[in-house]
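As a plain string of letters, each chain reads:
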Amino acid sequence: MIQSVAFIGLGAMGYRMAAHLPKQFDTVYVWNRNFNKAEQHAAEFGTQAVTLEQAVQADLIFSCLPTSLDVENLIADVHIKVGSIWVDCTSGVPESAKKLVVALKQQNVDYLDAPVSGQTIGADNATLTFMIGGDVSAFERALPAIQTVGKLIKHVGESGAGFAVKAVNNMLMAVNLCAVAEGFTTLKAHGVNLHEALDCINASSGKSNVTETVLPQRVLNRSFPLTFALPLLAKDTGIAVDLVRQAKLSAPVISLTQNLIQAASDLAEENSDFSTAVNMYEKWSKITIE
């Protein structure tokens, strides 16, 4: 039975996700590299800001870090509580998950790759989608804690499967983002009212999450709020391309999209939101999507 929970990594997503845990658990530890952020979280939500060594003594440990390498390096430096479950919400690399599940099993610790989707609004509202890979029994034991921060929670396969689904999901979003940037640049070049056109498309077969939320809430109003950094999207699309290569498949749309997203990331200013990928098209065409 899970009595104590820890959350490691209080970034844009982790900070919000960890806020829900005290509603379900009396003991909630938080840790962040910038420890001031952990202390701020404790003051705001009633969690306990602790050392990393203490955080990994919880019954269940969430992590939400930028990359799988960050998680690997962190795990290598700590002694985790025997019998605990590590739920990694990082958008990570499937091969890393497979490696970590073996290494932690030797310490009698279960590891689940459990990336999330739903952006910061989903983290605020505890309505995130979890795509989880790993041992089914560990998944079932961890489920009550995961349900505190998620709405749709699916066990999608063996270790690494969660990370694979997340990478492909983000790649599909990136494909839509590039296509929408090109399509709306074309429409504006022909003098079309983009706001009225968007209403038509969102009532037609061309709609997607990009047209329904990203375009109106980030691009057309020129706000580009930073909730998911463009370099992280480039990382995720790179993972998707690696999955294609490992399967020895041909996926020209995926490969081209990865090149475009990486180019947009290279051109973008530091700390740019993923939606600023459209700025690359604007520079090429000298047409602003607004």
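Preceding this paragraph is the structure being described.
Calculation rules
- Residues numbered from 1 in each chain as written.
- Predicted model: local features only at pLDDT ≥ 70, side-chain atom pairs only at ≥ 80, totals over all residues.
- Heavy atoms only, no water.
- Axes fitted to C-alpha atoms, helices over the stretch in contact; angles between N-to-C directions.
- Helix = DSSP H or I, 4+ residues; strand = E, 2+ residues; numbered from the N terminus.
- Parallel < 35°, antiparallel > 145°, perpendicular 65-115°, else oblique.
- Contact = heavy atoms within 4.5 Å.
- Core = buried A, V, L, I, M, F, W, Y, C linked by side-chain atoms within 4.5 Å.
- Buried < 20%, exposed > 50% of the residue type's maximum accessible area, 1.4 Å probe, protein only.
- Phe/Tyr/Trp six-rings, centres within 6.5 Å; stacked < 30°, edge-to-face > 60°.
- Arc of directions from axis to C-beta.
- Right-handed = clockwise from strand over helix to strand, strands pointing away.
- Polar contact = N/O pair within 3.5 Å; in protein donor to acceptor, adjacent residues only side chain to side chain.

Novice: I'd like a rundown of the packing of helix H8 (residues 161–189) against helix H12 (residues 252–267), residues and numbers included.
Specialist: The geometry of H8 relative to H12 is characterised by a closest axis approach of 10 Å and an angle of 70° between their N-to-C directions. By the criterion of interaxial angle, the relationship of H8 to H12 is roughly perpendicular. In contact with Met171, Ala174, Val175 and Cys178 of H8, H12 contributes Val253, Ile254, Thr257, Gln258, Leu260 and Ile261.

Novice: Tell me about the nonpolar core, and name the residues and values.
Specialist: Counting 33 residues, the largest nonpolar core has Phe7, Met17, Leu60, Phe62, Val87 and Phe130 as its most contacted members. Taken together, the elements giving at least two residues each to this core come down to strand E1 (4–8), helix H1 (14–18), strand E2 (27–31), strand E4 (60–63), strand E5 (85–88), strand E8 (128–133) and helix H7 (136–146). Discounting residues that sit within four places of it in the chain, Phe130 has contacts with Met17, Cys89, Ala114, Pro115, Val116, Ile146, Val149, Gly150, Leu152, Ile153 and Lys154. Formed by 28 residues, the second largest nonpolar core is a distinct cluster that contains Phe184, Leu198, Leu220 and Ile261.

Novice: Explain the packing of aromatic side chains to me, using residue names and the numbers behind them.
Specialist: In the structure shown here, the tally under the stated rule is four aromatic pairs. Relative to Phe45, the ring of Tyr15 has its centre 5.9 Å away and its plane inclined at 70°; by these criteria the two rings are edge-to-face. In this pair, Tyr15 sits in helix H1 while Phe45 sits in helix H2 (residues 35–45), placing the two residues 30 residues apart along the sequence. The class of Tyr15 is buried, set by a relative accessible area of 12%. On the numbers, 5.3 Å between centres and 70° between planes, the contact of Tyr281 with Trp284 is edge-to-face. With Tyr281 and Trp284 both in helix H13 (residues 278–285) and three residues apart, this pair spans about one turn of that helix. Owing to a relative accessible area of 7%, Tyr281 belongs among the buried residues under this scheme. On the basis of relative accessible area, Trp284 is assigned to the exposed category, the value being 54%.

Novice: Please set out helix H10 (residues 209–219) residue by residue, giving values where relevant.
Specialist: Quick reminder: α-helices carry 3.6 residues per turn. Residues three or four places apart thus point the same way. Along H10, the residues that are buried comprise Val210, Thr211, Val214, Leu215, Arg218 and Val219. The arc that holds the buried residues of H10, viewed along the axis, is 125°, so those residues lie on one side. Where H10 is buried, its residues contact helix H6 (119–125), H8, helix H9 (194–201) and H13.

Novice: If you had to explain the pairing of E5 to someone new, which residues and values would you point to?
Specialist: Here E5 shows two buried faces, one formed by Ile85 and Val87 and the other by Trp86 and Asp88. Crossover E4 to E5 through helix H4 (residues 68–76) is right-handed. Considered for its hand, the β-α-β crossover made up of E5, helix H5 (residues 94–105) and strand E6 (residues 110–113) is right-handed.

Novice: An account of the side chain of Glu282 is requested, with residue identities and associated values reported.
Specialist: Mapped onto the elements, Glu282 comes out in helix H13. We classify Glu282 as buried; its relative accessible area is 10%. At a separation of 2.8 Å, a polar atom in the side chain of Glu282 contacts the side chain of Arg222. If we skip the residues at most four places from it in the chain, Glu282 touches Arg222, Ile287, Thr288 and Ile289.

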